[in-house]
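Commentary on secondary and tertiary structure
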Amino acid sequence: MAMANNTTQCFKCCSKEFCQTDFNEHRQSLNEELNSIINDYDQFRNTINDQTQNPLNHSLIKRINQWETNSIQIIQQTAEKRRQRVVEHSKTSLRDI
């Protein structure tokens, strides 16, 4: 941060002038923060692009697909139990005749 008399003010030292080493350290720290932000942005953008290009990979779609699979299994199990009851009932009815 430049001051009116062309000296640099250190954020670490809270208004004291600082040497070039402190300036370089602060600049390096800011560069690292910026790189971290850029990486986070890139990951976010990639996630959005993946979901746009491959909508079937979206987590909600996966949950719906799993719900569908579970529902089909429950229906199949129920249908099989009902078939067995009909067969048992038919055997009992035939014996009574």
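This text gives an overview of the structure that appears in the document. (Residues numbered from 1 in each chain as written. Predicted model: local features only at pLDDT ≥ 70, side-chain atom pairs only at ≥ 80, totals over all residues. Heavy atoms only, no water.)

All right, on to the overall build of the chain then. Across its full length, the chain holds two helices and zero strands. Evaluated residue by residue, the chain yields a buried proportion of 4% over its 97 residues. Of the accessible surface of the chain, which amounts to about 8,900 Å², a share of 54% is contributed by carbon and sulfur atoms. (Helix = DSSP H or I, 4+ residues; strand = E, 2+ residues; numbered from the N terminus. Buried < 20%, exposed > 50% of the residue type's maximum accessible area, 1.4 Å probe, protein only. Areas by Shrake-Rupley, 256 points an atom, 1.4 Å probe, with all protein chains shown as cover.)

Moving on, we come to the pattern of salt bridges. In total, this model carries two salt bridges according to the counting rule given. Arg45 is the partner of Asp42 in a salt bridge, and the nearest nitrogen-oxygen pair spans 3.5 Å. Of this pair, Asp42 and Arg45 are both found in helix α1 (residues 20-53), three residues apart, which corresponds to roughly one turn of the helix. On the accessibility criterion, Arg45 (36% relative accessible area) is partly exposed. (Salt bridge = Lys/Arg side-chain N within 4 Å of Asp/Glu carboxyl O.)

Looking at where Glu80 falls in the secondary structure, it is placed in helix α2 (residues 59-96). On the basis of relative accessible area, Glu80 is assigned to the partly exposed category, the value being 37%. Within the structure, Glu80 has its side chain in polar contact with the side chain of Arg83 (distance 3.1 Å). (Polar contact = N/O pair within 3.5 Å; in protein donor to acceptor, adjacent residues only side chain to side chain.)

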